[in-house]
Amino acid sequence: MTTTREPILSVRGLEKHFPIKGGGLLQRTVGAVRAVDGLDLDLYPGEVLGLVGESGCGKSTTGRAILNLQPATAGSVVFQGRELVGLDRKQMRPLRRDIQIVFQDPYASLNPRLPVFDIVAEPLIIHGLTKDEAELRERVRSLVETVGLNPEHTNRYPAEFSGGQRQRIGIARALALEPKVLVLDEPVSALDVSIQAGVINLLEDLKERLGLSYLFIAHDLSVVRHISDRVAVMYLGKIIEVAPRDELFDRPTHPYTQALLSAIPLPDPRLERSRKRIIITGDVPSPANPPSGCRFRTRCQKFAGELTDTQREKCLTVEPLLESRGTGHTSACHYAEATKVL
Ligand SMILES: Nc1ncnc2c1ncn2[C@@H]1O[C@H](COP(=O)(O)OP(=O)(O)OP(=O)(O)O)[C@@H](O)[C@H]1O
Ligand SMILES: [Mg+2]
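Every value quoted in this text rests on a predicted model; they were computed, and no experiment measured them. (Residues numbered from 1 in each chain as written. Chains lettered and ligands numbered in written order. Predicted model: local features only at pLDDT ≥ 70, side-chain atom pairs only at ≥ 80, totals over all residues. Heavy atoms only, no water.)

### Structural notes on the overall build of the chain
Scanning the chain from N- to C-terminus turns up 12 helices and 12 strands. The C-alpha atoms of the chain give a radius of gyration of 22 Å, which matches the 20 Å a tight globule of 342 residues would have. Considered along the principal axes of its C-alpha atoms, the chain spans approximately 70 × 60 × 45 Å. Restricting the contact set of the chain to residue pairs at least 6 apart, pairs at least 24 apart contribute 65%. Measuring between centres, the 44 positive side-chain charges of the chain sit 3 Å from its 42 negative side-chain charges. (Helix = DSSP H or I, 4+ residues; strand = E, 2+ residues; numbered from the N terminus. Rg over C-alpha atoms; globule rule 2.2 N^0.38 Å. Contact = heavy atoms within 4.5 Å. Lys, Arg positive; Asp, Glu negative; His and termini not counted. Charge placed at Lys NZ, Arg CZ, Asp CG, Glu CD.)

If you want it as C-alpha cells, here you go:
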C-alpha cells in the first residue's frame, strides 16, 4: 500500500552491536558483531512490511531492538511520535501495549508450565486491564476465539496443542493488549507447510478486523509475496532494497535481491528449465568485519562479472546508500538496474 500518511513506526540508523570478549580473566572487548548496522525503515498504518534476508543477516535482532527487548547500540526508533531508544523497562511499559512481538518458535516462547488461560491472561493482569475475574475470563475467552481455538480448552497446557495451535496461542497473547503494531518474527517458519496457510489467513483477517500494522519477518519469499504490501530486503545488518511488493518482485534493482528472487522456483516447468539462476557464491561475510565499500560486493555477480575496474573501485571504497529507483522504491547499489528475474 502506498500512502502519504505518517509512518506509525520509523527507524533510522538503528545499530545493535554485540561485544566480542577476548579470553583471559579481564574479558576485554576485542570486537563487535554488528548484527544491525545502520538500518532505516518505515511502517505505515495498516500495512504489512515484509523483512527478508538470509539467516544471520540481523532480522530478529532488528525486531528485538525495535521493541527494546535488546536495547539498541545507536539510532532512533520513533513509534507513534515517541522515541523508544534509551527508554528503560518502566518507561517502555505503557508503550508495550501498542507494539507486540510474535516469535518463530511457539514451543520455546510459551511457558510450558502454565495453562493457556494463564498465558493469555498474564498481559491483561500485568497491565491491570480487567476490573474483575469475570471480565478477565470473558476477555481471555474472546481472544482465544478470535484466533480460532476452542475456548473450552484454556485449561490445557501448551504441550497438548499442535504447532499451529500453539502459534495461535502466541498470537492471542500478543493481541491481549490491543496493540497497533505486531512484529511477527518468522511466525510460520516452524510450522508444517500444510498448516502455514491457516495461520497466514488468520493474520490477514486479524489485520483487517483490528486495523493492525505488521512488520513481517521471514525468509520464505513466497509467504512474503503473499502477505506483504511492501518488502524490505536486508543484507548483513542493513536494508539494501525496499519497494512495493509487485515492484520488488517484478523489477528488482539490487543484485542481491535479483539473486534471491532467481532462486524461487517458477510454476511453469518450461520457463523453469530455461530460466537463468543467479548463484550467490561464497559465504556471508562475518558481521564482525563487514567488507569495505559495498558490503555485498564479495558475493555480487555484477562485481565478479560485468563491471570495469574503475567501477569496481567504487564498490570497494564507497558505501552505496539507499537511492530512489521509482515511486516508493529505493536500493543501495552503485550500478542498480531493474532486471526481471521471475
Ligand atoms: N545475543 C547475541 N550475542 C552475540 N551475537 C548475536 C546475538 N544475537 C544475535 N547475534 C548475531 O547477530 C547476527 C544476526 O542474528 P539474527 O538472529 O538477528 O539473524 P536473523 O536474520 O534473524 O537470522 P535467522 O534467519 O537465522 O533467524 C548473527 O551473526 C548472530 O550470530
Ligand atoms: Mg531470526
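### Let's talk about the site of ligand 1
Residues in contact with ligand 1 amount to 13 residues; listed here are only the nearest, Ser-55, Gly-56, Lys-59, Ser-60 and Thr-61. In the model, an oxygen atom of ligand 1 is placed 3.0 Å from a nitrogen or oxygen of the Gly-58 main chain. In isolation ligand 1 has 630 Å² of accessible area, and contact with the protein removes 64% of it. Of all the secondary structure elements, the ones that give two or more residues to the shell around ligand 1 are strand 2 (29–43) and helix 1 (59–66). (Near = heavy atom within 4 Å. Polar contact = N/O pair within 3.5 Å; in protein donor to acceptor, adjacent residues only side chain to side chain. Areas by Shrake-Rupley, 256 points an atom, 1.4 Å probe, with all protein chains shown as cover.)

### Notes on the pattern of salt bridges
Summed over all chains, the structure comprises 22 salt bridges. We note a salt bridge from Glu-47 to Arg-230, for which the minimum N-O separation is 2.8 Å. One end of the pair, Glu-47, is in the loop between strand 2 and strand 3 (48–52); the other, Arg-230, is in strand 9 (residues 230–235), and 183 residues separate them in sequence. Since its relative accessible area comes to 12%, Arg-230 is described here as buried. Across the salt bridge formed by Glu-319 and Arg-295, the nearest N and O atoms sit 3.8 Å from each other. Linking Glu-319 in the loop between helix 12 (309–317) and strand 11 (323–326) with Arg-295 in the loop between helix 10 (269–274) and helix 11 (301–304), this pair joins segments that are 24 residues apart in sequence. Among the residues examined, Arg-295 registers a relative accessible area of 9% and is labelled buried. (Salt bridge = Lys/Arg side-chain N within 4 Å of Asp/Glu carboxyl O. Buried < 20%, exposed > 50% of the residue type's maximum accessible area, 1.4 Å probe, protein only.)

### A word on the UniProt feature "domain: ABC transporter" (unreviewed entry) in the chain
In this numbering, the UniProt entry assigns the feature "domain: ABC transporter" (unreviewed entry) to residues 20–261. The span residues 20–261 carries 38% helix and 24% strand; its end-to-end C-alpha distance comes to 34 Å. (UniProt positions renumbered as here; feature names shortened; annotations may be inferred.)

### A closer look at the packing of helix 5 (residues 163–175) against helix 6 (residues 193–210)
It is at 10 Å that the axes of helix 5 and helix 6 come closest, and there the two elements cross at 20°. If you check the angle between helix 5 and helix 6, you find them roughly parallel. You can see that helix 5 and helix 6 cross each other, and the crossing is right-handed. Between helix 5 and helix 6, the contacting residues are Gly-164, Gln-167, Arg-168, Ile-171 and Leu-175 on the first element and Ile-195, Gly-198, Val-199, Leu-202, Leu-203, Leu-206 and Leu-210 on the second. (Axes fitted to C-alpha atoms, helices over the stretch in contact; angles between N-to-C directions. Parallel < 35°, antiparallel > 145°, perpendicular 65-115°, else oblique. Left-handed = near helix turned anticlockwise from the far one by under 90°.)

### A few points about the pairing of strand 3
In terms of burial, strand 3 is a largely internal element, 5 of the 5 residues being buried. Because side chains alternate across strand 3, one face comprises the buried residues Val-48, Gly-50 and Val-52, and the other comprises Leu-49 and Leu-51, equally buried. Where strand 3 lies against strand 8 (residues 213–217), 4 bridges are found, and the strand directions are parallel. Bridge pairing in strand 8 places Leu-51 opposite Ile-217. (Pairing = 2+ DSSP bridges.)

### Points about the side chain of Arg-168
Positionally, Arg-168 belongs in helix 5. Beyond its immediate chain neighbours, meaning those up to four positions away, Arg-168 contacts Val-147, Gly-148, Leu-149, Gly-198, Val-199 and Leu-202.

### Overview of the environment of Leu-51
With respect to the helices and strands, the residue Leu-51 is situated in strand 3. Setting aside residues no more than four positions away along its own chain, Leu-51 makes contact with Lys-59, Thr-62, Leu-215, Phe-216, Ile-217, Ala-218, Ala-232, Met-234 and Ile-239.

### Observations concerning the sheet that holds strand 12 (residues 329–331)
Strand order in the open sheet formed by 8 strands is 6-7-8-3-9-10-12-11, with mixed pairing between adjacent strands. Unpaired on one side and paired on the other, strand 6 (99–102) and strand 11 mark the two borders of the sheet. On average, each strand axis in the sheet is tilted by 20° relative to the strand beside it, whichever way the strands run. Relative to strand 8, strand 7 (residues 181–185) is paired through 5 bridges, and the arrangement is parallel. Across the sheet, residue Val-181 finds its bridge partner in strand 8, namely Ser-213.

### Re the sheet that holds strand 1 (residues 9–21)
For sheets, the rule is that strands pair by backbone hydrogen bonds, running either parallel or antiparallel. Pairing is antiparallel in the open sheet, where 4 strands are placed in the order 2-1-4-5. The open sheet terminates on both sides in strands that have one partner only, identified here as strand 2 and strand 5 (82–83). Bridge count for strand 4 (residues 74–79) against strand 5 is 2 bridges, and the pairing is antiparallel. Opposite Phe-79, over in strand 5, you have Arg-82 as the bridge partner. Contacting strand 1, strand 2 and strand 4, helix 1 crosses the sheet at an angle of about 115° to strand 1.

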